[in-house]
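# Overview (structure and organization)
The primary structure of each chain is shown beneath.
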Amino acid sequence: MDLDRLLADAPELLAAATDLAGLEKVENDLVGRSSLLAETRRQLGTIAIEDRPAMGARVNEISKRLTELIGARRLELERAE
């Protein structure tokens with residue numbers, strides 16, 4: 001799965017979380033230490049130096065968007081409690 005696919009699948013994965021514990025699991029899968037996003041960040045040093053700025057910017061953009069989506073879902077779930 002690539003990062004763009006991860007971002008595309010995130011809304012569905014987040015919607016499937018029906019409580020805060022479920023959301024925490026999805027959050028770990030999306031942005032946690034063993035996530036594809038984290039693995040990609042660790043690999044940035046191994047790609048061609050001229051490709052790093054663009055790839056780093058894309059990783060940061062996706063990370064920010066995922067964090068926003070997670071925050072919005074957390075707010076929904078907290079309000080529902």
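This text follows the structure it describes.
Residues numbered from 1 in each chain as written. Predicted model: local features only at pLDDT ≥ 70, side-chain atom pairs only at ≥ 80, totals over all residues. Heavy atoms only, no water.

### Looking at the side chain of Ser35
Positionally, Ser35 belongs in the loop between α2 (20-31) and α3 (36-43). In this structure Ser35 comes out as buried when scored by relative accessible area, which is 2%. In this view, Ser35 contacts Asn28, Asp29 and Leu30; residues no more than four positions away in its chain are not counted. (Helix = DSSP H or I, 4+ residues; strand = E, 2+ residues; numbered from the N terminus. Buried < 20%, exposed > 50% of the residue type's maximum accessible area, 1.4 Å probe, protein only. Contact = heavy atoms within 4.5 Å.)

### What about the side chain of Thr40?
Mapping Thr40 onto the fold places it in helix α3. A relative accessible area of 10% means that Thr40 is categorised as buried. Not counting chain neighbours up to four residues away, the residues in contact with Thr40 comprise Leu3, Met55 and Val59.

### Brief notes about the pattern of salt bridges
Inspection of the entire model under this criterion finds nine salt bridges. A salt bridge links Glu61 to Arg58; the shortest N-O distance between them is 2.6 Å. Residue Glu61 and its partner Arg58 are both found in helix α4 (residues 52-80); the two are separated by three residues, about one turn of the helix. As a salt-bridge pair, Glu68 and Lys64 come within 3.9 Å of each other at their nearest N and O atoms. (Salt bridge = Lys/Arg side-chain N within 4 Å of Asp/Glu carboxyl O.)

### Remarks on the environment of Ala80
Looking at the secondary structure, you find Ala80 in helix α4. It is 9.9 Å that separates the C-alpha atoms of Ala80 and Thr18, two residues lying 62 residues apart in sequence.

### Considering helix α1 (residues 3-16)
Between the first and last C-alpha of α1 there are 20 Å, a value that for 14 residues agrees with the 20 Å anticipated at 1.5 Å per step. Along α1, the sharpest change in direction is near 40 degrees and occurs at Ala10; proline Pro11 comes one to four residues later. Restricting attention to buried positions, one finds in α1 the residues Leu3, Leu6, Asp9, Ala10 and Leu14. On its buried face, α1 sits against α2, α3 and α4. Where α1 begins, the side chain of Asp2 points an oxygen toward the backbone nitrogen of Asp4, at a separation of 3.3 Å. (Expected span 1.5 Å × (residues − 1). Bend = angle between axes of the 7 residues up to and from the residue. Polar contact = N/O pair within 3.5 Å; in protein donor to acceptor, adjacent residues only side chain to side chain.)

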